[in-house]
Amino acid sequence: GAVVSQHPSWVICKSGTSVKIECRSLDFQATTMFWYRQFPKQSLMLMATSNEGSKATYEQGVEKDKFLINHASLTLSTLTVTSAHPEDSSFYICSARDFDDEKLFFGSGTQLSVL
Amino acid sequence: KQEVTQIPAALSVPEGENLVLNCSFTDSAIYNLQWFRQDPGKGLTSLLLIQSSQREQTSGRLNASLDKSSGRSTLYIAASQPGDSATYLCAVDTGGGNKLTFGTGTQLKVEL
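The rules we used
Residues numbered from 1 in each chain as written. Chains lettered and ligands numbered in written order. Predicted model: local features only at pLDDT ≥ 70, side-chain atom pairs only at ≥ 80, totals over all residues. Heavy atoms only, no water. Contact = heavy atoms within 4.5 Å. Buried area = accessible area lost by both parts, 1.4 Å probe. Salt bridge = Lys/Arg side-chain N within 4 Å of Asp/Glu carboxyl O. Polar contact = N/O pair within 3.5 Å; in protein donor to acceptor, adjacent residues only side chain to side chain. Helix = DSSP H or I, 4+ residues; strand = E, 2+ residues; numbered from the N terminus. Nonpolar A, V, L, I, M, F, W, Y, C, P; charged D, E, K, R; others polar. Pairing = 2+ DSSP bridges. Axes fitted to C-alpha atoms, helices over the stretch in contact; angles between N-to-C directions. Buried < 20%, exposed > 50% of the residue type's maximum accessible area, 1.4 Å probe, protein only.

**Student:** Quick question: what am I supposed to make of the interface of chain B and chain A here?
**Tutor:** By a widely used convention, the size of an interface equals the accessible area lost when the partners come together. At the junction of the two partners, chain B supplies 14 residues and chain A supplies 16 residues. For the chain B and chain A pair, buried surface summed over both sides reaches about 1,200 Å², with 55% attributable to carbon and sulfur atoms. For the chain B face of the interface with chain A, the top three residues by lost area are N98, K99 and F102 of chain B, together amounting to 39%. K99 of chain B serves as the salt-bridge partner of E59 of chain A, at 2.9 Å between the closest nitrogen and oxygen. Counting across the interface, chain B meets chain A through 4 residue pairs in polar contact (both at pLDDT 80 or more). Mapped onto the side of chain B that touches chain A, the elements with two or more residues apiece are β4 (32–38) and β10 (100–102) of chain B. Considering only residue class, the side of chain B that touches chain A consists of 5 nonpolar, 7 polar and 2 charged.

**Student:** So what exactly am I meant to see when it comes to the sheet that holds strand β3 (residues 19–25) of chain A here?
**Tutor:** Sheet strands pair via backbone hydrogen bonds, and the direction of the pair is either parallel or antiparallel. All names here are of chain A. With respect to topology, 4 strands assemble into an open sheet ordered β1-β3-β8-β7, the strand pairing being antiparallel. One side of each edge strand has no neighbouring strand; the edge strands of this open sheet are β1 (4–7) and β7 (67–73). Between one strand axis and the next, the sheet turns through 15° on average, direction left out of account. Here β3 runs beside strand β8 (residues 76–81); their pairing, made up of 6 bridges, is antiparallel. Within β8, the residue paired with C23 across the bridge is S77.

**Student:** Looking at this structure, how should I read unusual backbone geometry?
**Tutor:** Keep in mind that most residues, glycine aside, have a negative phi and that most peptide bonds are trans. Omega for the bond connecting H7 of chain A with P8 of chain A falls within 30 degrees of zero, at 0°, which places this linkage in the cis form. Secondary-structure assignment places P8 of chain A in the loop between β1 and β2 (10–13). Here the bond from I7 of chain B into P8 of chain B is cis, since omega is 0°, no more than 30 degrees from zero. If you trace the backbone, P8 of chain B turns up in the loop between β1 (4–7) and β2 (10–14). If you check the backbone angles, S83 of chain A has positive phi at about 45° while not being a glycine. If you trace the backbone, S83 of chain A turns up in the loop between β8 and β9 (90–97). Phi is positive for A79 of chain B, close to 45°, though the residue is something other than glycine. With respect to the helices and strands, the residue A79 of chain B is situated in the loop between β8 (72–77) and β9 (86–93).

**Student:** Explain the pairing of strand β4 (residues 32–38) of chain A here, please?
**Tutor:** For a regular strand, side-chain orientation follows a simple rule: the groups alternate between the two sheet faces. All names here are of chain A. Of all 7 residues in β4, 7 are buried; the element is thus mostly enclosed. Here β4 shows a buried face lined by T32, F34, Y36 and Q38 and a second buried face lined by M33, W35 and R37. In this structure, β4 lies alongside strand β5 (residues 44–51), joined through 7 bridges in antiparallel fashion. Of the residues in β5, the one forming a bridge with W35 is A48. Joining the antiparallel neighbours β4 and β5 is a turn of 5 residues, in which K41 adopts a positive phi near 60°. Judged from the 7 bridges that link them, β4 and β9 form a sheet pairing that is antiparallel. Within β9, the position partnered with M33 by the bridge is A96.

Have a look at this one:
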């Protein structure tokens, strides 16, 4: 089946630093990718929709200047958490939609801990 | 705004038992509903997808039903096994385009 690779799987960083998370579709092209955030014991919340070659669409309440999304190719989207703070600590998951059959596949997630 | 709720939040059953997980949503104008499985610290695995025009889908020991008018879906797991232990999430696609609204999840533990 289709595979979405998300890297890194976990990261610990100091407050004020920036962290980049990569989401790659390994065997299919993904014109659209989605970024979700999940706090402990809560459900996944959609942060933004990433479209290849265009600006991302952010959900209400998500700061676009803090969560920078780049979707420069049909197989790669990146989420950069800029000037991270402890409240940004969360589990971030990406998903990618297969261009051919529109099925959705999820990455394995990234656990971010900001000290 | 679409809201998705899952009951129960947690469930512990002995191996072999049949069980039902419930999902309800407030806006019945959906494109589809999916059930996912999430293992601790991992991503999501899609289990079943029901289109809005369908009533149910089956895969192995899993059966999902959809009653769009009442805003409900159930996931039936037959003959549960310890390997079924995970968090089960339902999600609805309201606007199309795979923008999903997720439920709060049911954490299932199947004991030997």
